[in-house]
Amino acid sequence: MRIDLHSHSTASDGTDSPAQLVAAAGAADLDVVALTDHDTVSGWDDAAAAAQLAGITVVPGAEISCRWHGVSLHLLAYLFDRNDAALLAEMERTRSGRVSRAEIMVAQLATRYPITWPQVQRHASGGTIGRPHIADALVASGVVSSRDEAFDRFLHSRSPYYVPHVAPEPVHAVRLVRAAGGVAVFAHPGAQARGAVVPDSLIGEMAAAGMLGLEVAHRDHDEPTRTRLRALAGELGLLVTGSSDYHGTGKLNRLGENTTSEEAYDAIVAAATSGLVPVNGRLPSAEES
Ligand code: AMP
Ligand code: ZN
Ligand code: FE
Ligand code: FE
């Protein structure tokens, strides 16, 4: 079984539609792919429909933005109840905070570069807006040649143009995911190139609040980081996952470049209590659940 538990579609900052992403997962010989768009479930239905055609299993999920003492971190949430009011409200709060933050970043960039807010909104096409959409606008107006160059020059977390956005505190986010019947896994906890990372003590608190695992095999983790995180997972009794963090053509990451063991996947499905367990690629719809 080939299992990839982290990917993004046009519902956030990926470039494949949910259906295209699922087809690409089939072409990459994956048996299971999790759709984990930033702070939204809006791609779930299209992905589930496409999963039936592709004959693969889509795990419904999201990548929840969190903030801890000024440090940005990401929490993967799987198989939660899409109708859970508290979790939905928190994601909605983050999405609207992302809009205000992007508007400020664009206004600051517009003082020196050809970029407009409507242009950035067009690139987001209604999905959760993020820095990659600002990058797309900078590419379209010829300021940079790729998302990567836009991040390197203007959008990285230490850039003068960087503005943080509202996001929940991570222990609270873990509790919300658990209360919604879902499973929480810390996304790329050691990705230092993106900015500061949180201390192991916070990871311990998140584990105590019900977090189930750490994403260890990820492109942004070098071998020493993976070794350290595997040891930490062992100490805290957390399972270990691996995934691509695929974003379509927006990043180099290829579907299935890192994968999760069948044992870890089975444990994630077993720990979910929302009842949204995908069977043969089919998900219960909002009406049925
Ligand atoms: P934001 O969610 O607005 O804070 O933007 C962070 C997102 O940008 C990450 O989740 C990645 O999807 C993406 N990202 C980060 N660095 C890069 C990069 N160098 N090139 C393309 N996308 C990136
Ligand atoms: Zn992303
Ligand atoms: Fe992330
Ligand atoms: Fe991601």
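Residues numbered from 1 in each chain as written. Chains lettered and ligands numbered in written order. Predicted model: local features only at pLDDT ≥ 70, side-chain atom pairs only at ≥ 80, totals over all residues. Heavy atoms only, no water.

1. With respect to the overall build of the chain
As a reminder, the rule being used: Per the convention used, a helix needs a DSSP run of H or I reaching at least four residues, while a strand needs a run of E reaching at least two, with both numbered from the N terminus. To get the radius of gyration, use the C-alpha atoms; to get the globule rule, take the number of residues to the power 0.38 and multiply by 2.2 Å. The cut-offs for exposure are 20% and 50% of the maximum accessible area for each residue type, with area from a 1.4 Å probe on protein chains only; residues under the lower value are buried, those over the upper are exposed, and the others partly exposed.
When you go through the chain residue by residue, the secondary structure sums to ten helices and seven strands. Whereas a compact globule of 289 residues would reach a radius of gyration of roughly 19 Å, the chain reaches 18 Å, a difference of no more than 12%. Principal axes of the C-alpha set define a box for the chain whose edges measure 50 × 45 × 35 Å. Each of the 289 residues in the chain was classed as buried or not, and the buried ones make up 56%.

2. A short note on the coordination of the zinc ion (ligand 2)
Going by this rule: Note that water is not among the atoms considered, so a metal site may appear incomplete; the donors listed are N, O and S atoms within 2.8 Å of the metal, with 3.2 Å applied to Na, K and Ca.
For the zinc ion (ligand 2), the full set of protein donor atoms is Asp13 (OD), Asp13 (OD), His38 (NE2) and His247 (NE2), at a range of 2.0 to 2.5 Å. Taken in sequence order, the residues that donate to the zinc ion (ligand 2) follow the motif D-x24-H-x208-H. A residue is classified by how much of its surface remains accessible, and Asp13, at 7% relative accessible area, is buried.

3. Section: helix α9 (residues 223-236)
Which entries qualify depends on this criterion: Here, expected helix span is obtained from the residue count minus one, scaled by 1.5 Å. Throughout, the arc means that of the directions going from the helix axis to the C-beta atoms. Between two residues, a contact is recorded if the distance between any of their heavy atoms is within 4.5 Å.
Across its 14 residues, α9 extends 20 Å between first and last C-alpha, which sits within 8% of the 20 Å expected from 1.5 Å per residue. Along α9, the positions that sit buried rather than exposed are Thr225, Arg226, Leu229, Leu232 and Ala233. Across the axial projection of α9, the buried residues extend over an arc of 125 degrees, all falling on one side. Opposite the packed face of α9, turned more than 90 degrees from it, sit the exposed residues Pro224, Gly234 and Glu235. Buried-residue contacts for α9 involve α8 (200-208), β6 (213-217) and β7 (239-242).

That's the geometry; what it means functionally is another story.
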